[in-house]
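What follows is each chain in one-letter form.
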Amino acid sequence: MRIKAAAFAVDNRDYERAKDYFRGLLGVEPQEEILKFPQIKVARFERDGCVFEVMTPAGDRSHILPFVKEKGGGIVSITVEGLEVEGLDVPLGSGGFLAPDFLKGAIIRVL
C-alpha cells in the first residue's frame, strides 16, 4: 500500500502556521490557489510522488466550512494505492471511497 495524497482542513487563523509546518516537514514550497468553487484556499505540497494539501475556507459558502466549524479542522481525505478492499462495498474500477462513521466526515479514496 502507498499513500498518494492527504488533505487537511484548517481554520483561517491556522492556515499560515500549517503551511509553515508542511514546508519545514517536506522541504518544498507549496503551490497555492483559491478555488472559486468550492470556495477553498489550497496550499499543495508535492514530494516523492505524494501530495499533501492544506485547505482553508475561502468564503461563506465554502464546502469545508461546516467541517472546520464543527471539528476545528483535521484530515479531510487520504488517497491510497494498492489496498485490498474486497468485501467492504467499495465500488472500484478507477477508484472508490470509504467513509466510515468513525472518521467523522473524512474519506479514504482507494485507487
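The preceding data block contains the structure.
Everything numeric here is computed off the predicted structure, so don't read it as measured data.

Considerations on the layout of surface pockets
And step 1. In this model, the largest pocket occupies a volume close to 160 Å³.
And step 2. Ala5, Ala6, Ala7, Arg44, Val51, Glu53, Ser77, Ile78, Thr79, Phe97, Ile107 and Arg109 are the residues that line the largest pocket.
And step 3. At the level of elements, strand S1 (2–9), strand S4 (50–57), strand S5 (74–81) and strand S7 (107–110) are the ones that each hand at least two residues to the lining of the largest pocket.
And step 4. Considering only residue class, the lining of the largest pocket consists of seven nonpolar, two polar and three charged.

Some thoughts on the side chain of Thr56
And step 1. Relative to the assigned elements, Thr56 resides in strand S4.
And step 2. Of the polar contacts made by the side chain of Thr56, one reaches the backbone oxygen of Val10; its length is 2.9 Å.
And step 3. A distance of 2.8 Å separates the side chain of Thr56 from the side chain of Asn12, its partner in a polar contact.
And step 4. Dropping the residues within four chain positions of it, Thr56 is found in contact with Val10, Asp11, Asn12, Tyr15, Gln39, Ile40, Lys41 and Ile64.

Overview of the packing of aromatic side chains
How two aromatic rings sit relative to each other is given by the distance of their centres and the angle of their planes.
And step 1. According to the stated counting rule, one finds four aromatic pairs in the structure shown.
And step 2. When the centroid spacing of 5.2 Å and the interplanar angle of 35° are considered together, the rings of Phe8 and Phe22 count as tilted. In this pair, Phe8 sits in strand S1 while Phe22 sits in helix H1 (residues 15–26), placing the two residues 14 residues apart along the sequence.
And step 3. Relative accessible area serves as the criterion here: at 10%, Phe22 is assigned to the buried category.

What to know about unusual backbone geometry
And step 1. Of note, the bond from Phe37 into Pro38 is cis; its omega dihedral lies within 30 degrees of zero at 25°.
And step 2. By the element assignment, Pro38 lies in the loop between strand S2 (31–35) and strand S3 (40–47).
And step 3. Unusually for a residue other than glycine, Gln39 sits at a positive phi of about 55°.
And step 4. Summarising the element assignment, Gln39 is placed in the loop between S2 and S3.
And step 5. According to the relative accessible area criterion, Gln39 is partly exposed, its value standing at 23%.
And step 6. The phi angle at Asp48 is positive, at roughly 55°, despite the residue not being glycine.
And step 7. Tracing the backbone shows Asp48 in the loop between S3 and S4.

Reading the values: rules and limits
- Residues numbered from 1 in each chain as written.
- Predicted model: local features only at pLDDT ≥ 70, side-chain atom pairs only at ≥ 80, totals over all residues.
- Heavy atoms only, no water.
- 1 Å grid on protein atoms, 1.4 Å probe; cavity = no way out; pocket = protein on both sides within 12 Å on 5 of 7 lines; lining within 4 Å.
- Points joined across faces, edges and corners; volume = space filled by probe spheres on them.
- Helix = DSSP H or I, 4+ residues; strand = E, 2+ residues; numbered from the N terminus.
- Nonpolar A, V, L, I, M, F, W, Y, C, P; charged D, E, K, R; others polar.
- Polar contact = N/O pair within 3.5 Å; in protein donor to acceptor, adjacent residues only side chain to side chain.
- Contact = heavy atoms within 4.5 Å.
- Phe/Tyr/Trp six-rings, centres within 6.5 Å; stacked < 30°, edge-to-face > 60°.
- Buried < 20%, exposed > 50% of the residue type's maximum accessible area, 1.4 Å probe, protein only.

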